[in-house]
Amino acid sequence: MSFKKGFLWGGATAANQFEGAWDEDGKGPSVPDHVRGGTVSSPRLWDMEIKDGVYYPSHKAVDFYHRYAEDIALYGEMGFKCFRLSINWSRIFPTGMEKEPNREGLDFYHKVFAECRKYGIEPLVTMSHYELPWGLSEIYNGWTGRDVIDHWMNYAETLFTEYKDEVKYWLTFNEINIATMPMGRILGLGMQGEDGKPMFKAEETPEEASDRFTALHNQFVASALAVVLGHRINPEFRIGCMIAGTEMYPYSCNPADVKEAQDAMNMRNYFCGDVQVRGHYPYYAERYFKDHGITVRKEAGDDEILKKGTVDFYSFSYYMSSTCSTDPDVLEKAGGNMITGMKNPYLKSSDWGWQIDPLGLRIYLNDVYGRYEIPLMVVENGLGANDVRAEDGLFHDTYRIDYLRDHIKAMHEAVLDGVDLMGYTMWGCTDLVSASTGEMKKRYGFVYVDRDNDGNGDLHRERKDSFYWFRKVCETNGEDLD
Ligand code: BGP
């Protein structure tokens, strides 16, 4: 036996990729509602104005808003112990700046939590998963504006008070460390982009980078204040950080490559966890800021806030590992969700170029646990694949089962290594919209949804082979993986 009693097996989703109903029952627009669909070769574009006749994947997504009862019943059937979802901030505060919440928005999540309770499923709520209300983005340039912290605290207090008896596990910001890279500006920080231009920005001036790191700092302060407030409202709450976890390997044993990988691990992977778990900026940040001409605009008292608001557990997404090289000949880039690097000749990749590395998960779990010694949770892991209906009319996604089995085995080994692991929620348990490309074709689910890249399909749900496999995993607490 390896996984502890009460291990949180389940699935994970995010409102903007899952709910749809983008303008129903008082919901205001959010940043992702302004982002078009795309593919790997044609990047998602960002529109200042939402245009008629243009397809925006978040607007209907896969309609969880109207199908939540059916979806959660399927999770119950699989024996989920946990369901990770995010609350769409602009469903609760349509522009982000109202004083009073939108009652219909609050009621929707009460209904969702009640449905979870029916099946003994513990909700895990992400308070902000790439979903800043458009109003806050427009007025303050997203998290660059210090005032956004006050609006966030109103939101946080509303959620914590409203759901204090329904939700125990909370995450403040999804993949907060995406903001350590320019590509995190729009989705991660809600900063304004350039009209009609790709959502992911690659280059920045030092001034732009200073704005970005100031916005990230504001999120650190917001997260810490929320942790303190949450514990005051309900001392039973367990509030975690959420990091996009990537193990960065040196491409070779050339010490220059090893140093490159260490620097990448520090600023891209560890930086945010170091602040949120240890309660202060790590020693290496100062040199990084100096070398890159970055000034973070902090306020007096912020250091004290960060110290007080440290998280109860460390959660992360894990899809792949990456490599770092200083050799100009090693040029072939590998694909990835946000942290890209060189191709690793020892690994195979998914159809979308993400390098599959289950052992990397065991390494990552050990690295992070050794660093922080607080409970860990894998809140995203999975395989984005183009599922094709077989001749018998079913979805035999054995490649997905293989991927998940190998990663769960790696977790099993990490637990035997001594890592304190709380749970595992597989990403995109029901097929949903891809965050990076906006596609539907890149499917992760145990449950198939009839919807394509252009928004066609009747949205009906079907069980894939992985559905039945994961039911066994939940039933046996991860012992039966065959
Ligand atoms: C993470 C995000 C998720 C999710 C996942 C898969 O980075 O937190 O929102 O989308 O990656 O990525 P994608 O949807 O791009 O395949």
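Note that this is a predicted model, so its numbers are computed, not measured.

**Some points on the site of the ligand**
Close to the ligand lie 14 residues; Glu175, Ala435, Ser436, Lys442 and Tyr444 are nearest. Glu380 places a polar side-chain atom, nitrogen or oxygen, 2.9 Å from an oxygen atom of the ligand. Notes on the ligand: free accessible area 370 Å², of which the protein chains cover 97%.

**Thoughts on the packing of aromatic side chains**
In the structure shown here, the tally under the stated rule is 49 aromatic pairs. A cation over an aromatic ring shows up here: Arg91 above the ring of Phe108, its NZ or CZ 5.8 Å from the ring centre. The ring of Tyr448 has Arg389 sitting right over it, with the charged end atom 5.8 Å from the ring centre.

**Here we look at helix H13 (residues 358-372)**
The terminal C-alpha atoms of H13, which comprises 15 residues, lie 22 Å apart, in line with the 21 Å expected from a rise of 1.5 Å per residue. Note on H13: the residue one or two positions beyond its end, Glu373, has a positive phi of about 50°.

**Looking at the pattern of salt bridges**
Counting across every chain of the model gives 34 salt bridges. Across the salt bridge formed by Arg67 and Asp63, the nearest N and O atoms sit 3.0 Å from each other. Linking Arg103 and Asp107 is a salt bridge whose minimum nitrogen-to-oxygen distance equals 3.3 Å. With a gap of four residues between them, Arg103 and Asp107 both fall in helix H5 (residues 103-118), about one helical turn apart. Salt bridges sharing partners connect three or more residues here, namely Asp387, Asp397, Arg400, Asp431, Arg443 and Lys464.

**Considering the packing of helix H14 (residues 398-417) against helix H15 (residues 465-475)**
Put simply, H14 and H15 touch, their axes get as near as 9 Å, and they point 25° apart. Regarding the angle of H14 to H15, the classification is roughly parallel. Listed contacts from H15 to Arg400, Ile401, Leu404, Arg405 and Ile408 of H14 are Asp465, Ser466, Trp469, Phe470 and Val473. Of the residues contributing to the contact of H14 with H15, the split by class is six nonpolar, one polar and three charged.

**Things to note about the pairing of strand S4 (residues 122-128)**
Extensive coverage of S4 is indicated by the burial of six of its seven residues. Where strand S3 (residues 82-86) meets S4, five bridges bridge the pair, whose relative direction is parallel. In the strand pairing of S4, Ser86 is matched with Thr126. Bridge count between S4 and strand S5 (residues 169-173): four bridges; the pairing is parallel. The residue of S5 that forms the bridge with Val125 is Trp170.

**What about the sheet that holds strand S8 (residues 313-324)?**
As summarised here, the arrangement of the eight strands in space is S1-S3-S4-S5-S7-S8-S11-S12, forming a closed barrel in which the pairing is parallel. Put simply, the sheet's adjacent strands are angled 30° from each other on average, direction ignored. Packed onto the sheet, H14 meets strand S1 (8-12), S8, strand S11 (376-380) and strand S12 (421-427) and runs at close to 170° relative to S12.

**Description of H15**
All of the buried residues along H15 are Ser466, Phe467, Trp469, Phe470, Val473 and Cys474. Here the buried residues of H15 occupy an arc of 165° about the axis, which is enough to place them on one side. Directly after H15, the chain includes Asn477, whose backbone phi takes a positive value near 50°.

**As for the pairing of S3**
Among the five residues that make up S3, five are buried, leaving the element largely enclosed by the rest of the structure. With burial as the criterion, each face of S3 is covered, one bearing Cys82, Arg84 and Ser86 and the other bearing Phe83 and Leu85. Taken together, the three bridges between S1 and S3 define a ladder with parallel strand orientation. Across the sheet, residue Ala12 finds its bridge partner in S3, namely Arg84.

**Remarks on the nonpolar core**
Residues Trp143, Trp152, Phe271, Tyr314, Met411 and Phe470 are the most contacted members of the largest nonpolar core, which totals 143 residues. Of the residues forming this core, the biggest block, 11 residues, is contributed by helix H9 (residues 206-233). Every residue in contact with Met411, bar those within four places of it in the chain, is listed here: Phe3, Phe7, Trp9, Leu361, Leu365, Val378, Leu421 and Tyr424. In this structure, Cys82, Leu124, Phe313 and Met422 belong to the second largest nonpolar core, which totals 10 residues.

**Regarding the environment of Gly10**
Along the polypeptide, Gly10 turns up in strand S1. By relative accessible area, which is 0% here, Gly10 ends up buried. Gly10 sits 317 residues away from Asp327 along the chain, and the two C-alpha atoms are 41 Å apart. Once residues lying within four places of it in the same chain are set aside, the contact partners of Gly10 are Phe80, Cys82, Tyr424, Thr425, Met426 and Phe470.

**Focus: the environment of Glu380**
Note that Glu380 resides in strand S11. Considering only alpha carbons, one finds Glu380 and Tyr424, 44 residues apart in sequence, at a separation of 7.5 Å. Aside from chain neighbours lying at most four places away, what touches Glu380 is Arg84, His129, Asn174, Glu175, Met242, Phe316, Ser317, Tyr318, Tyr319, Thr425 and Trp427. Looking at Glu380, its side chain comes within polar contact range of the side chain of Arg84, at 3.0 Å.

**Digging into the side chain of His34**
Along the chain, His34 turns up in the loop between helix H1 (15-18) and strand S2 (45-46). Those residues within four positions of His34 in sequence are excluded, and the remaining contacts are Pro29, Leu45, Trp46, Asp47, Met48, Glu49, Ile50, Tyr56 and Trp134.

**Focus: the packing of H9 against helix H10 (residues 255-278)**
For any two helices packed against each other, one specifies the inter-axial angle together with the distance between the axes. The N-to-C vectors of H9 and H10 enclose an angle of 35°; their axes lie 10 Å apart at closest approach. Crossing angle aside, the handedness with which H9 passes H10 is right-handed. In contact with Phe213, Leu216, Phe220 and Ser223 of H9, H10 contributes Met267, Phe271, Cys272, Val275 and Gln276.

**Looking at unusual backbone geometry**
The backbone of Asp25 sits at a positive phi, close to 50°, despite the residue not being glycine. The residue Asp25 is located in the loop between H1 and S2 in this model. Exposure remark for Asp25: the relative accessible area of 32% places this residue in the partly exposed category. At Tyr130, a residue that is not glycine, the phi angle is positive and equals roughly 55°. Note on placement: Tyr130 falls in the loop between S4 and helix H6 (134-140).

Calculation rules
Residues numbered from 1 in each chain as written. Predicted model: local features only at pLDDT ≥ 70, side-chain atom pairs only at ≥ 80, totals over all residues. Heavy atoms only, no water. Near = heavy atom within 4 Å. Polar contact = N/O pair within 3.5 Å; in protein donor to acceptor, adjacent residues only side chain to side chain. Areas by Shrake-Rupley, 256 points an atom, 1.4 Å probe, with all protein chains shown as cover. Phe/Tyr/Trp six-rings, centres within 6.5 Å; stacked < 30°, edge-to-face > 60°. Lys NZ or Arg CZ within 6 Å of the ring centre and 35° of its normal. Helix = DSSP H or I, 4+ residues; strand = E, 2+ residues; numbered from the N terminus. Expected span 1.5 Å × (residues − 1). Salt bridge = Lys/Arg side-chain N within 4 Å of Asp/Glu carboxyl O. Axes fitted to C-alpha atoms, helices over the stretch in contact; angles between N-to-C directions. Parallel < 35°, antiparallel > 145°, perpendicular 65-115°, else oblique. Contact = heavy atoms within 4.5 Å. Nonpolar A, V, L, I, M, F, W, Y, C, P; charged D, E, K, R; others polar. Buried < 20%, exposed > 50% of the residue type's maximum accessible area, 1.4 Å probe, protein only. Pairing = 2+ DSSP bridges. Arc of directions from axis to C-beta. Core = buried A, V, L, I, M, F, W, Y, C linked by side-chain atoms within 4.5 Å. Left-handed = near helix turned anticlockwise from the far one by under 90°.

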